[in-house]
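Examination of the molecular architecture
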Amino acid sequence: MNIGIDIDNVISDFDEALLEEYLKHDKELRNTGIINEKTYMTKGMFDWSEEEERKFYLENIESIAKSLNTKDGAKEYIDKLKQDGHNIFIITGRDNGEYTNPVEMTKKWLNENQIYYDKLILTNSYRNDKHGKTEKCLENNIDIMIDDSINICKDINEHGIKAIIMDTPYNRNTNDFERVHSWKEIYKYIKKKNNNLSKLAKTLIIDQSIGKVISIFLDVFLAAYFYKITEQNILYLSIYNIVGWIVATIGAFVVSNYIKRKDKIKLYRFGIIIKSLYIFMIIVMGEKIIKFVYLIGAMYGISTATTGFPFNMIESECINQKERKKYIGLASVFTEIISFVVPIILGAYITLKSYQVAAIIILLFSIIKIINSFNIKNINVQSSNIRIRDFASKLKKDKILKKLYIIEFLKGINRYGVMSLVVSLLIIYNTKNEFELGWISSLLSLCSILAMYVFAKAYKDKYKKFILCFSLVFLFVSFALVMNNININSIILYNISYYIFMNIILKITEVNLFDYSNKKEYKDKYNTEYFIFRELFLNIGRILGYILLLIFVGFSHNLNNLKIIFIFIIISIIGAILLSNSIDEKNW
């Protein structure tokens, strides 16, 4: 999480130090002591005139601020928060005209007291009043802000950011916020809250879940539709996918500058609209859609370039490393539950009605997805242009990143490419109607749900090599059974092992890929380039897979040649597992 922390009365003992100096000066001035304990020092606590109070404050505040002590546990628990993977933003209102050089003074004090921070932000607490800090919290995607001001906490809360109020005598007239009395309490609260996913992570899971409903229709059932209206001719399906992924690859490079320098959320929303138009064409054209296979493939590619590529970057930037495994695991559980329920419903609905009627429902889901996208934040907008050559030079020297990209290329051949279509085709070929296709797809998704739930709950890095090797053995045995005899039983057995173990393999490699993207040198300067190259390698694998499908099955119209494609797929899986096993996260 991104944690915002005020300095005075949160990290420092500001009020205690200020009161001590006021008491000293009062003895020199009138020696009447505190005459009103219920008010603040600068607002009538002492028997001073307003002019006397203001003069003393302005003449002494800088020397007082320079010599402040830290609150008990502040350094210790800020260090712990950083060790837990949080980003520390010091946000103070000291740029208010009271200090000669507030930035340098504050930096020096933080360094002298060994207070860690990722970013120091100063606001004018007088000119901007309560909203100055809120603006900075919004700009920096702060998840929790710790302050001592009631007004600031209230304004921050009203803008959707969690505010924690540090207890002081003058802010005890409210119970509207989470109140803490020490840094130990702050740490315990954040640690407890961190066990839950952030609001943004939950929004992304909702987005993925809606997207899964749409993709089930566009992948499994549209493949069945193409297969049906072309009288079991895979040629058109192959062309559709080859065109789509070529356009998607080119599109990723075309939109890269916009994604890096402008609003990737707007582009993502545009991509959803393109996908909605694509679904609308299916509704309008019906079986005539096959005559426009190149146009449909191109629209699919454009929508993929403007949704898949930006979403990968949004995930990378919005999900911190601490919550990534949990996020990926839970997102997979939700999408797989949808994969379990939706195919049965869609299959039955298409069998009773038609593809066109089902497409109208899917179009409504696209509209919901557009609405949900307004809850996603746009972060890490950079001012520099895309630097493909510079990144390519870094890639040549980075052995780990090369391995990660080769794994993506191999995943493009298997799980994220032709493998999914081949599996769907085998099921379609051996089922009587869309309802039967639906319940088999749902059964396989149930296997994924169990696998992803276990992954989210129990996966540890130390188990990685064992899990990868174990998965490979099961996949290989089931693959051998399919190669020996393609029938509905061997296909279902293969798919069960595929949906369990292949998904686990994918999630392990995804954790590695996204965690590596958070390395400072890539996150700060090359985040867009990082994912462009990821799309490039992934899509080259996809295009190669579909070209092989076109050559061996599309032109020959012989489904038995799918065995040849299976050989390429299993080789790519073995390669991905071996490469993943060779990566040691400790050396990052």
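Described in the following lines is the structure provided in the data block. Quick caveat: nothing in here was measured; it's all calculated off a predicted structure.

1. Some details on the overall build of the protein
The secondary structure content of the protein amounts to 24 helices and six strands. Over its C-alpha atoms, taken along the principal directions, the protein stretches across nearly 105 × 50 × 40 Å. Out of the 588 residues in the protein, the part that is buried amounts to 56%. A total accessible area of about 26,500 Å² is found for the protein, and carbon and sulfur atoms account for 57% of it. Side-chain charges in the protein split into 74 positive and 61 negative, and the spacing between the mean points of these groups amounts to 10 Å.

2. A short note on helix 11 (residues 264-285)
Helix length check: helix 11, at 22 residues, gives a terminal C-alpha distance of 31 Å against a target of 32 Å (1.5 Å per residue), a fit within 8%. One or two positions beyond helix 11, positive phi appears at Gly 286, with a value near 60°.

3. Observations concerning helix 13 (residues 308-318)
Spacing of three or four residues puts side chains on the same side of an α-helix, whose turn is 3.6 residues. Counted residue by residue, helix 13 has 10 buried out of 11 residues, so it is predominantly covered. Those residues of helix 13 lying buried are Phe 309, Pro 310, Phe 311, Asn 312, Met 313, Ile 314, Glu 315, Ser 316, Glu 317 and Cys 318.

4. Side note on the pairing of strand 2 (residues 87-92)
Across the six residues of strand 2, five count as buried, placing the element largely inside the fold. Summarising the sheet, strand 1 (residues 2-5) and strand 2 pair through four bridges and their orientation is parallel. Among the inter-strand pairings, Ile 5 is bridged to a residue of strand 2, identified as Ile 90. Assessed by its sense of winding, the connection that carries the chain from strand 2 through helix 4 (residues 102-112) to strand 3 (residues 119-122) is right-handed.

5. Some thoughts on the packing of helix 14 (residues 324-352) against helix 15 (residues 355-372)
It is the contact of helix 14 with helix 15, at a shortest axis distance of 7 Å, that shows an interaxial angle of 140°. The angle between the axes of helix 14 and helix 15 places the two elements in the oblique class. Together, Leu 346, Tyr 349 and Ile 350 of helix 14 and Tyr 355, Val 357, Ala 358, Ile 361 and Ile 362 of helix 15 make up the contact between the two elements. Taken together, the residues of the contact of helix 14 with helix 15 break down into eight nonpolar, no polar and no charged.

6. Quick look at the sheet that holds strand 5 (residues 162-166)
Here six strands make up an open sheet; going across it, the order is 3-2-1-4-5-6 and the pairing parallel. Strands with a single pairing partner mark the edges of an open sheet, and in this sheet they are strand 3 and strand 6 (178-180). With strand direction ignored, the average angle separating the axes of adjacent strands in the sheet is 25°. Across the sheet, helix 4 lies against strand 2 and strand 3, angled at about 140° from strand 3, the strand it touches most.

7. Quick look at the pairing of strand 4 (residues 144-147)
Taking every second residue as pointing to the same face, both faces of strand 4 are buried, with Ile 144 and Ile 146 on one and Met 145 and Asp 147 on the other. Bridge count for strand 1 against strand 4 is three bridges, and the pairing is parallel. From the neighbouring strand, Ile 5 faces strand 4, where its bridge partner is Ile 146. Where strand 4 meets strand 5, four bridges bridge the pair, whose relative direction is parallel. Bridge assignment links Asp 147 to a residue of strand 5, and that residue is Ile 165.

8. Here's the deal with the side chain of Ser 238
Relative to the helices and strands, Ser 238 resides in helix 9 (residues 234-254). Classification of Ser 238 as buried rests on a relative accessible area of 0%.

9. Overview of the packing of helix 11 against helix 15
Two packed helices can be described by the angle between their axes and the distance between those axes. Where helix 11 meets helix 15, the closest approach of the two axes is 9 Å, and the angle between their N-to-C directions is 170°. When the interaxial angle is binned, helix 11 and helix 15 end up roughly antiparallel. Counting all contacts with helix 11, which are made through Tyr 268, Arg 269, Ile 272, Ile 273, Ser 276, Ile 279, Phe 280, Ile 282 and Ile 283, the residues of helix 15 involved are Gln 356, Ala 359, Ile 360, Ile 362, Leu 363, Ser 366, Lys 369 and Ile 370. Grouping the constituent residues of the contact of helix 11 with helix 15 by class yields 12 nonpolar, three polar and two charged.

10. Quick notes on the environment of Val 213
Mapped onto the secondary structure, Val 213 falls in helix 8 (residues 199-229). Since its relative accessible area comes to 8%, Val 213 is described here as buried. Along the primary structure Val 213 and Arg 389 are separated by 176 residues, whereas in three dimensions their C-alpha atoms are 38 Å apart. If we skip the residues at most four places from it in the chain, Val 213 touches Ile 338, Val 342, Ile 362 and Phe 365.

11. Overview of the environment of Ser 12
Relative to the helices and strands, Ser 12 is located in the loop between strand 1 and helix 1 (14-29). Sequence-wise, Ser 12 and Asn 69 are 57 residues apart; in three dimensions their C-alpha atoms are separated by 5.7 Å. Setting aside anything within four residues of it in sequence, one finds Ser 12 in contact with Ile 7, Leu 68, Asn 69, Thr 70, Lys 71 and Trp 109. For Ser 12, the side chain forms a polar contact with the side chain of Asp 8, separated by 3.4 Å.

12. Quick look at a nonpolar patch on the surface
Taken together, the side chains of Phe 466, Phe 470, Val 473, Phe 474, Val 477, Leu 481 and Leu 493 present a nonpolar region at the surface, about 660 Å² in accessible area. The element contributing the most residues to the nonpolar patch is helix 20 (residues 464-484), with six residues. Relative to the helices and strands, Phe 470 resides in helix 20. The exposure class of Phe 470 is partly exposed, given its relative accessible area of 38%.

13. So, the packing of aromatic side chains
If you walk through the whole model with that rule in mind, you get 23 aromatic pairs. Here Phe 391 and Tyr 522 contribute two aromatic rings whose centre-to-centre distance is 5.8 Å and whose plane-to-plane angle is 65°, an arrangement assigned as edge-to-face. Residue Phe 391 is located in helix 16 (residues 388-397), and its partner Tyr 522 is located in helix 22 (residues 520-525); the two are separated by 131 residues in the primary sequence. For the ring pair Tyr 405 and Tyr 530, a centre distance of 5.9 Å and an interplane angle of 55° mean the geometry is tilted.

14. So, unusual backbone geometry
Of note in the backbone geometry, Asn 9 takes a positive phi value of approximately 75° without being a glycine. Tracing the backbone through its elements, the reader meets Asn 9 in the loop between strand 1 and helix 1. Judged by its relative accessible area of 4%, Asn 9 falls in the buried class. One non-glycine residue, Asn 141, adopts positive backbone phi at about 55°. Position of Asn 141 relative to the elements: it lies in the loop between helix 5 (131-139) and strand 4. Assessed through its relative accessible area of 12%, Asn 141 is described here as buried.

Definitions and limits used
- Every residue gets a number counted from 1 within its own chain, in the order that chain's sequence is written.
- Thresholds applied to this predicted model are a pLDDT of at least 70 for local features of residues and 80 or more for the giving and counting of side-chain atom pairs; totals over whole chains, interfaces and linings are not thresholded and use all residues.
- Neither water nor hydrogens contribute to the side-chain values; these are computed over all heavy atoms in the structure.
- Comment: elements are numbered from the N terminus, with helices defined as DSSP H or I runs of at least four residues and strands as E runs of at least two.
- A 1.4 Å probe rolled over the protein chains alone gives each residue an accessible area, and that area as a share of the maximum for its type sets the label: buried under 20%, exposed over 50%, partly exposed in between.
- Only the protein chains shown count as cover for residues, and the accessible areas themselves come from Shrake-Rupley with a 1.4 Å probe.
- Under the convention used here, Asp and Glu are negative, Lys and Arg are positive, and both His and the chain ends fall outside the count.
- The atoms used to mark charge sites are NZ of Lys, CZ of Arg, CG of Asp and CD of Glu.
- One less than the number of residues in a helix, times 1.5 Å, gives the span that helix is expected to have.
- A pair of strands is treated as paired once DSSP finds two or more bridges between them.
- A clockwise course of the path from the first strand over the helix to the second, judged with the strands pointing away from the viewer, identifies a crossover as right-handed.
- Geometry is summarised by axes, namely lines fitted to C-alpha atoms with helices restricted to the contacting stretch, and by angles between N-to-C directions that run from 0 to 180 degrees.
- Each angle receives one of four descriptions, namely roughly parallel if under 35 degrees, roughly antiparallel if over 145, roughly perpendicular if within 65 to 115, and oblique otherwise.
- In what follows, residue pairs with any heavy atoms lying within 4.5 Å of each other are defined as contacts.
- Gly falls in the polar group here, along with every residue not listed as nonpolar (Ala, Val, Leu, Ile, Met, Phe, Trp, Tyr, Cys, Pro) or charged (Asp, Glu, Lys, Arg).
- In protein, a polar contact requires one atom able to donate a hydrogen and another able to accept it; more generally it is a pair of N or O atoms within 3.5 Å, and residues adjacent in sequence count only if both atoms are side-chain atoms.
- For patches, a residue must show more than 30% relative accessible area and have no salt bridge; joins then use 9 Å for like charges and 5 Å for nonpolar side chains, namely Val, Leu, Ile, Met, Phe, Trp and Tyr.
- When a carboxyl oxygen of Asp or Glu lies within 4 Å of a side-chain nitrogen of Lys or Arg, that pair is called a salt bridge.
- Stacked, tilted and edge-to-face are the three classes applied to pairs of Phe, Tyr and Trp rings, where Trp contributes its six-membered ring and a pair requires centres within 6.5 Å; stacked means planes under 30 degrees apart, edge-to-face means over 60, and tilted covers the rest.

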